[in-house]
Amino acid sequence: MTNAPETNVADTIADLLIEVNTENVTISSALALSSIKASNKATASKPRTQSSESVTPVPSSPVLPAQTSETSSPRIHTLTLDTPKITEPPDIPPPPLSEEELQEIEQKRLEDAKHRKRVLDELLTTEKSYMKGLLIACRVYAVAMKAPTSGCGRYIPRIFSNLEEVLTVSKRLLVKMTVRIKNWKPTSCIGDVLLNALPEFECYKTYLGNHHVAINTMAKLTKKNEKYVAIAGVNRDSEGKDLAAYLITPVQRIPRYLLLLKDYLKHLPLDHPDYSTTSNVVDQFAKLAELVNSSIKKQENFKKVNEVARSFVNVSKEIKTMIKSDHLFMREGQLTKVCRKTTKKRNFWLFSDCLIYGEKVGGGENFLLHRVINLRKGRVVSLQDSADVKNGFAIISGDKSFTVMAETLQERNFWVLDLNEILTGVRKTGDTCALVFGSSGGEEAPLWVPDKETPCCMLCKDQFTMLKRRHHCRNCGRVVCGNCSSQKKVLAHIEKAKALRVCTSCFEGDTTEKSASSKSPKAPPDDNGEELLPTSSLDAPTDAELTAALNDVPDENPEVPTTTTSTTPTAESRYTTTNNNSTRHSTTHPLTAPATQSHHTKYRSTHST
């Protein structure tokens, strides 16, 4: 009995394992499989004798060892597949540098060292020149101004500030740098010298903060004091410069320090002992340079504010206050303002907390101040284009509200962005909306309705004529006649101490418009508690009555009606009696139609009620 089936099964299993695990089987596993095949072939070639024990034949299909009989199962080797270990490649040392590369590195190192020495020499030279300029300012100009005959002694603190302290700091720094640079070596350091001197540079902050005051003081003295002009100019000891040129040098010195130190650090190797210290010094001087830039901007802003203030021929209290306080100038330009009758070109100046506009007068750069608008509260609205308004926006505040137009859309957006940044803290243009006149309520001044928008009074509907003039209610912005706006009321958000003209509706707290057919409002009662005649129901006086009233001559019928319900009022009933025994006519007679309350024609009656 042969054992061929057993051999075929073992060969098949070995071949399958090799095909499936070709990529993962290691060399040792492959050798183990080969040995299994060789042993199986050797066993098959030897003749086997029939033993007394029965042998269970091996089935043709492969079975697991647990399912075969213990007495007749073939010997199968268990395979262990080892996962290959991933090992990091060993560190390969870089190839040695060639002679040329080594020479280039050495050449660059020497050039950097020479460049650093040139930078330090320039730092030392400029420090000597800087200190000499401070000496001239303090020992020549300040001493000359202290003389009793100069008349400028009281201005020295405002002009020179703490310049003596700045001079002392420069002297100390110059001595330390001279000692260090005189014995300079490639491995020497300069950063520690500057780092130790940094606390003394605090005096620069005081000088920089006062410099714009010094510039303004010198500008005033140049116009008014001839002795100061003679002292502050160029003289034989000033080396061709005037006082202003020397006073600006501390402002210019800090950026010069920063520029030279950055150049020094750029050519300093990373492993140099001075690198970390110098890097720290550069950061500190960068902060001082930011303060210098802020001081320069403040000086330029101060100059611009004074320039704007001096351009007005009528300087108001607000302008004088603006000069003394810190107002940040932001924008200026010419805009077209929508006025009550027409549009007019106006020049506008925008500051950090107010808006100024005025009218140009003469052929020069002089302006007539119209208004200073406080921007602590308010808003700005971009307007949709219409037949009358192009590239417009509305400025709404508690003091004044109006509409303006820019030449281009881009210019309009710039104005809106700056105004929104002041009012809300956010630079935005916002959505555009249609122009709506009138009041939005609250503590905002209304947008006045233009005169051309309505031909008649918006309350009583009477037509406006050459003598029946238009007036605007300061509270709601409506166009009304004199009869419908004869009252005055204090509007605290517009004018705290002055009563302003308001319409009848706003005076009585009624927000609805009165039509001509509606019931006329009742007049306030007199001292006896009786209601007076409504002013809108009176007829115009005759010429005789007008003459009699003006000449203070009593009428033929001196009796005054005691009731207000008469259907045919007499001459005396056509006037409204006031508490001071005076009467006022309030109809639309051409001779007596009022323009404002202060222009009403008043008549004195010879009879009191």
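Figured I'd write up the structure that's included with this text.

The rules behind each value
- Residues numbered from 1 in each chain as written.
- Predicted model: local features only at pLDDT ≥ 70, side-chain atom pairs only at ≥ 80, totals over all residues.
- Heavy atoms only, no water.
- Helix = DSSP H or I, 4+ residues; strand = E, 2+ residues; numbered from the N terminus.
- Buried < 20%, exposed > 50% of the residue type's maximum accessible area, 1.4 Å probe, protein only.
- Contact = heavy atoms within 4.5 Å.
- Phe/Tyr/Trp six-rings, centres within 6.5 Å; stacked < 30°, edge-to-face > 60°.
- Lys NZ or Arg CZ within 6 Å of the ring centre and 35° of its normal.
- Patch = residues over 30% accessible without salt bridge, like charges linked within 9 Å, V, L, I, M, F, W, Y side chains within 5 Å.
- Areas by Shrake-Rupley, 256 points an atom, 1.4 Å probe, with all protein chains shown as cover.
- Salt bridge = Lys/Arg side-chain N within 4 Å of Asp/Glu carboxyl O.
- Lys, Arg positive; Asp, Glu negative; His and termini not counted.
- Charge placed at Lys NZ, Arg CZ, Asp CG, Glu CD.

Along the backbone of the protein there are 15 helices and 15 strands. A total of 609 residues make up the protein; the buried ones form 38% of that total. Put simply, 60% of the contacts in the protein that link residues at least 6 apart link residues at least 24 apart.

Scanning the entire structure with this criterion turns up 12 aromatic pairs. Note on phenylalanine 312 and tryptophan 349: the rings are 5.2 Å apart at their centroids and 75 degrees apart in plane angle, and the pair reads as edge-to-face. Residue phenylalanine 312 is located in the loop between α11 (275–310) and α12 (317–324), and its partner tryptophan 349 is located in strand β2 (residues 343–351); the two are separated by 37 residues in the primary sequence. Take phenylalanine 312: its relative accessible area is 4%, and that puts it in the buried class. Here the aromatic residues Phe201, Tyr204, Tyr257 and Phe285 are joined through ring pairs into a cluster of three or more. Over the ring of phenylalanine 329 we find lysine 304, and its NZ or CZ is 5.2 Å from the ring centre. Positioned above the aromatic ring of tryptophan 448, the side-chain terminus of lysine 400 is 4.7 Å from the ring centre.

Okay, a nonpolar patch on the surface next. Together, Leu97, Leu102 and Ile105 make up an exposed nonpolar region whose accessible area comes to about 280 Å². Here isoleucine 105 lies in helix α3 (residues 99–146). We classify isoleucine 105 as exposed; its relative accessible area is 53%.

On the surface, Glu99, Glu100, Glu101 and Glu104 cluster together into a patch of negative charge. Following the sequence through the fold, glutamate 104 ends up in helix α3.

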